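Tertiary structure, described
Each chain is listed here by its residues.
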Amino acid sequence: MIPFSPPRIDQKTIDAVTDTLQSGWITTGPKTKLFESRLKEYTGASAVFCCNAATNGLELLMRWLGVGPGDEVIIPAYTYCATGNVVVHLGATPVLVDVREDFTIDPSEVQKAITPKTKAIVPVDIGGLPVDYNALWKLIEDAAVDYIPANDRQSQLGRIALVADAAHSLGAFYGDVPIGTHADAVVFSFHAAKNLTTAEGGAICLNLPEGFDHEEAYRWLNVRSLHGQSKDALAKTKKNAWEYDVEEAGWKCNMTDIQAAMGLVELERYNAETLAKRRQIVERYQEAFAECSWAILPTVADEDRQTSYHLYLLRVKGASLAQRNAVIQGIFDREVSVNVHYKPLPLLSYYKNQGYTLDAYPITKSLWENEISLPVYYDLSMEQVETVIQAVKDSVEEVMA
Ligand SMILES: Cc1ncc(COP(=O)(O)O)c(C=O)c1O
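Treat the numbers as computed from the prediction; the structure is a model and nothing was measured.

Thoughts on the sheet that holds strand 1 (residues 47–51)
Across the sheet, seven strands lie side by side as 1-9-8-5-4-2-3; this open sheet has mixed pairing. At either end of the open sheet lies a strand with only one pairing partner, and these are strand 1 and strand 3 (93–97). Each strand axis lies, on average, 25° off the axis of its neighbour in the sheet, ignoring direction. Of the strand pairs in this sheet, strand 2 (residues 72–76) and strand 4 (residues 118–121) are connected by three bridges, and their pairing is parallel. Paired with I74 across the strands is I121, a residue of strand 4. Where helix 2 (residues 30–43) meets the sheet, it contacts strand 1 and strand 9 (202–206), and its direction lies at approximately 135° from that of strand 1.

Quick look at the structure:
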């Protein structure tokens, strides 16, 4: 069976983790700080804070902004549950909007959803394809006159915050610039199935407007990721430095040095090896399925954007939900694992019970019904890619005949 997206774990990763295990320091420490500085160089962000998951990164950042009960946060209906769940954790209301045919949030739908209660827009670079950041910034500027701040940070910002869920898009480009600086905060995921993995992990890239102190914001995130303790574990080990205070009841979502050790290896070879291989696979899929009249190919690049080749979101033209599911079954029967990204939020019980319905998001509905994600990962050989292509073609032809 060809798996869907196993992580790349080779001797280099094993050596780096072993080295950390033997170093005497396994939680947040020098490796995490080094990984943060390498990510800062890679993305060009003003500050980078690493934590244990993108989910917690998004949540912590919105806590920094003071998003809470009574506030609204605009997100796409077509995303992973994490994007919505963090808004729920904050006691705020997720306002779901529809996406465009390329799976990214539709700015014209965002515009209709903005109210004086909107505190943040959280678009998703789905599958690695960047959203239309320029269009979103224009909406935010236009809406600034109606913005009602609720605390000092929000007053200083003076407008809706743009917080990118960039869980998929490390290494993607918007314009000539790599993803990492196109929003007030850009949050990456290093989950096991992501392009760059630390098993679990995430990073918040900060790009706050002039007047904000990035060091102060970094410190806030760092302290709150460790219960609100004024000193982290490493600082407390210094001579006579055991005493600490807790400024606020914080959370616990720090990255460990074991995770960072993996991340450092992954980042070093990310462009030359990881992205290059993923691109090769995706280009072969595009070439192979371009010949099929039933195939709707994903957008991987246009004049403004280039994907990070995270997910290959293939669609089967005209397939009903039942036919899409039968195609998936047929592909699995041919020993190839595929997936669906994603079951839209209104179909998940929690969101359904809150009153969200899929019919309110017609494009999301049409994308979800006929989407199939194909394997893309470093260790997938080009021979296996041909097996995947054949399995998909045979299954579609069998089901849609
Ligand atoms: C779009 C999206 N946002 C957020 C997340 C959450 O990432 P993490 O697992 O690092 O918390 C994921 C993870 O799958 C995701 O796909």
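Still to come is the rest of the account.
Considerations on the sheet that holds strand 10 (residues 295–296)
Spatially, three strands are ordered 10-12-13 in an open sheet, and the strand pairing comes out antiparallel. Looking at strand neighbours, the two that pair on one side only are strand 10 and strand 13 (371–374), the edges of this open sheet. Note that strand 10 and strand 12 (residues 312–316) share two bridges and pair antiparallel. The residue of strand 12 that forms the bridge with A295 is V316.

So, the nonpolar core
Core analysis: the largest hydrophobic core is formed by 117 residues, its most contacted members being A120, V163, V187 and I204. By residue number, the principal contributor to this core is helix 10 (residues 257–268), which donates seven residues. Each of two domains, domain 1 (11–268) and domain 2 (270–400), supplies a minimum of three residues to this core. Among all residues touching A120, those that are not within four sequence positions of it are M62, L65, V67, V73, I160, A161 and V163.

Focus: the domain arrangement of the protein
Domain annotation for the protein reports domain 1 (11–268) and domain 2 (270–400). Using only C-alpha atoms to locate each centre, domain 1 and domain 2 end up separated by 27 Å. Across the boundary between the two partners, domain 1 contributes 29 residues, which contact 30 residues of domain 2. Partitioning the side of domain 1 that touches domain 2 into residue classes produces 15 nonpolar, nine polar and five charged.

Describing the site of the ligand
Among the 13 residues in the neighbourhood of the ligand, the closest are listed as A53, A54, T55, A167 and S189. Broken down by secondary-structure element, the contributors of at least two residues to the shell around the ligand are helix 3 (54–65) and helix 4 (81–89).

Comments concerning the pairing of strand 9
Working note: regular strand, side chains alternate between the two faces of the sheet. Of all five residues making up strand 9, five are buried, and the element is well covered by its neighbours. Burial along strand 9 is two-sided: G202, I204 and L206 facing one way and A203 and C205 facing the other are all buried.

Comments concerning the packing of helix 3 against helix 4
Between helix 3 and helix 4, whose axes approach to 9 Å, the crossing angle comes to 40°. Here helix 3 is positioned oblique relative to helix 4, judged by the angle of their axes. When you trace helix 3 past helix 4, the crossing you get is right-handed. When helix 3 is examined against helix 4, the residues A54, T55, L58, E59 and M62 are found in contact with a partner set consisting of A82, V86 and H89. Class assignment for the residues of the contact of helix 3 with helix 4 results in five nonpolar, two polar and one charged.

Focus: the pairing of strand 13
The alternating pattern of strand 13 places E371 and S373 on one face and I372 and L374 on the opposite face, and all of these are buried. One ladder, built from four bridges, connects strand 12 with strand 13; its direction is antiparallel. The residue bridging Y312 from the neighbouring strand is L374, located in strand 13.

A word on unusual backbone geometry
With an omega of -5°, the peptide bond between H341 and Y342 qualifies as cis. With respect to the helices and strands, the residue Y342 is situated in the loop between helix 12 (321–333) and helix 13 (349–353). Backbone geometry at N240 places phi at a positive 55°, although glycine is not the residue there. Here N240 is to be found in the loop between helix 9 (233–236) and helix 10. Accessibility expressed as a C-beta count within 10 Å gives 5 for N240, which makes it exposed.

Considering the environment of A135
Among the structural elements, A135 can be located in helix 6 (residues 133–143). Among the residues examined, A135 registers 16 C-beta atoms within 10 Å and is labelled partly exposed. Expressed as a C-alpha distance, the spacing of A135 and S108, which sit 27 residues apart in the sequence, is 8.8 Å.

Remarks on the environment of A120
Position of A120 among the secondary structure elements: in strand 4. Through-space distance from the C-alpha of A120 to that of V163 is 6.7 Å; in sequence the pair is 43 residues apart.

Observations concerning helix 1 (residues 11–22)
Taking 1.5 Å as the rise per residue, helix 1 with twelve residues should run 16 Å; its terminal C-alpha atoms sit 16 Å apart, in good agreement. Among the residues trailing helix 1, G24 stands out with phi positive, at a value near 95°.

About the thresholds
- Residues numbered from 1 in each chain as written.
- Predicted model: local features only at pLDDT ≥ 70, side-chain atom pairs only at ≥ 80, totals over all residues.
- Pairing = 2+ DSSP bridges.
- Helix = DSSP H or I, 4+ residues; strand = E, 2+ residues; numbered from the N terminus.
- Axes fitted to C-alpha atoms, helices over the stretch in contact; angles between N-to-C directions.
- Contact = placed C-beta atoms within 7 Å.
- Core = buried A, V, L, I, M, F, W, Y, C linked by C-beta atoms within 7 Å.
- Buried ≥ 20, exposed ≤ 12 C-beta atoms within 10 Å, placed from the backbone.
- Domains from an automatic or database assignment.
- Nonpolar A, V, L, I, M, F, W, Y, C, P; charged D, E, K, R; others polar.
- Near = placed C-beta within 6 Å.
- Parallel < 35°, antiparallel > 145°, perpendicular 65-115°, else oblique.
- Left-handed = near helix turned anticlockwise from the far one by under 90°.
- Expected span 1.5 Å × (residues − 1).

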